[in-house]
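Spelled out from the first residue to the last, the chains are:
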Amino acid sequence: MKIKWNGHASFTITSSDGSVIVTDPYDPSGYGGALTYGVVDEPADVVLVSHDHPDHSYAEGVGGNPKVLKTAGQAKGIDFSAIEAAHDESGGKERGKNTVFAFTVDGVRVCFAGDLGHLLSKGQLEKLGPVDVLLAPVGGTFTVGPENAAKLVEQIKPRLVIPMHFKTAKCGFPLAGVDEFAELMTNVKKTGKSEVDIGGGALPVSGPEVWILEHAK
């Protein structure tokens, strides 16, 4: 399985059989052009949308004829489970709901947290189950910030964490940079690339390890 960080909360996940999953594609024109990442337009089989804000739901920009999932479903033989969560710490009263997705690709359990704004409850953790790879927001303001992102890692106990939704030169939102989260973790690797292949034993045996990717767009 290959995981590419497009930018913001968008990843392209490609399985060994060539199936392509895109998470939260952003609209570069949304919010007055606050994001200047290039549009995610490559063909995909599945698009996951955690919530309907413009910087997370631009499925129409993705190429091909993907199946768009905003809740639990099945596509390309993959079961996508959904944990209902919130975009804030007040049950969604400020910024609405957020869907946390979990799915297995090539035997690896992935959790895409979307714009999660809070730590998970016992019930949410039980529904989520064991996780190998956690794709987690770390920038704060609209999601968990560096400290709560670190606590979220403690809750979920993944083998690998790939941060997302943090401040870069192409993100105009008032977010924290990834280094603030990285400083709270003990095993961090800056990959220097936008895509990693976690097949063939590349996935850490135990964790959590943090791999920081460069945006591809």
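Residues numbered from 1 in each chain as written. Predicted model: local features only at pLDDT ≥ 70, side-chain atom pairs only at ≥ 80, totals over all residues. Heavy atoms only, no water.

(A) Looking closely at the environment of Arg-109. Turning to its location among the elements, Arg-109 is positioned in strand 9 (residues 108–112). The partly exposed category is assigned to Arg-109, whose relative accessible area is 22%. Along the backbone, Arg-109 and Ala-34 are 75 residues apart, and their C-alpha atoms lie at a distance of 32 Å. Among all residues touching Arg-109, those that are not within four sequence positions of it are Ser-81, Ala-102, Phe-103, Thr-104, Leu-128, Pro-130, Val-131, Asp-132 and Val-133. (Helix = DSSP H or I, 4+ residues; strand = E, 2+ residues; numbered from the N terminus. Buried < 20%, exposed > 50% of the residue type's maximum accessible area, 1.4 Å probe, protein only. Contact = heavy atoms within 4.5 Å.)

(B) Looking closely at the packing of aromatic side chains. The tally for this structure, following the rule as stated, stands at six aromatic pairs. An aromatic cluster is built from Trp-5, Tyr-26, Tyr-37 and Phe-166, whose rings are joined through pairwise contacts. Looking at Lys-189, its charged tip hangs above the ring of Trp-211, at a distance of 4.1 Å from the centre. (Phe/Tyr/Trp six-rings, centres within 6.5 Å; stacked < 30°, edge-to-face > 60°. Lys NZ or Arg CZ within 6 Å of the ring centre and 35° of its normal.)

(C) Molecular detail of the side chain of Asn-6. Mapped onto the fold, Asn-6 is located in strand 1 (residues 2–7). Separated by 3.1 Å, the side chains of Asn-6 and Thr-12 make a polar contact. Not counting residues up to four positions away in its chain, the partners in contact with Asn-6 are Phe-11, Thr-12, Tyr-26, Tyr-37, Val-40, His-215, Ala-216 and Lys-217. (Polar contact = N/O pair within 3.5 Å; in protein donor to acceptor, adjacent residues only side chain to side chain.)

(D) Structural context of the pattern of salt bridges. Counted under the stated rule, the structure contains four salt bridges. Notably, a salt bridge pairs Asp-52 with Lys-70, separated by 2.9 Å at the nearest N-O pair. In this pair, Asp-52 sits in the loop between strand 4 (46–48) and strand 5 (67–69) while Lys-70 sits in the loop between strand 5 and strand 6 (73–75), placing the two residues 18 residues apart along the sequence. The residue Arg-159 makes a salt bridge to Asp-132 at a minimum N-O spacing of 3.2 Å. Of this pair, Arg-159 sits in the loop between helix 2 (146–156) and strand 11 (160–164) while Asp-132 is found in the loop between helix 1 (122–128) and strand 10 (133–137), placing the two residues 27 residues apart along the sequence. (Salt bridge = Lys/Arg side-chain N within 4 Å of Asp/Glu carboxyl O.)

(E) Here's a closer look at the sheet that holds strand 12 (residues 188–190). Pairing within the open sheet is mixed, and its eight strands lie in the order 6-7-8-9-10-11-14-12. Looking along the sheet, the strands with just one partner apiece sit at the ends: strand 6 and strand 12. Each strand of the sheet is rotated relative to its neighbour by a mean of 25 degrees, with strand direction disregarded. Bridge count between strand 11 and strand 14 (residues 209–212): two bridges; the pairing is parallel. Looking at strand 14, one finds that Leu-160 is bridged to Glu-209. (Pairing = 2+ DSSP bridges. Axes fitted to C-alpha atoms, helices over the stretch in contact; angles between N-to-C directions.)

(F) Representation of the sheet that holds strand 1. Ordered in space as 5-4-3-2-1-13, the six strands form an open sheet in which the pairing is mixed. Looking at which strands have only one partner, the edges of the open sheet turn out to be strand 5 and strand 13 (195–197). Sheet twist, expressed as the mean angle between neighbouring strand axes with direction ignored, is 15 degrees. Sheet topology places strand 1 next to strand 13; three bridges connect them, and they run antiparallel. Among the inter-strand pairings, Lys-4 is bridged to a residue of strand 13, identified as Glu-195.

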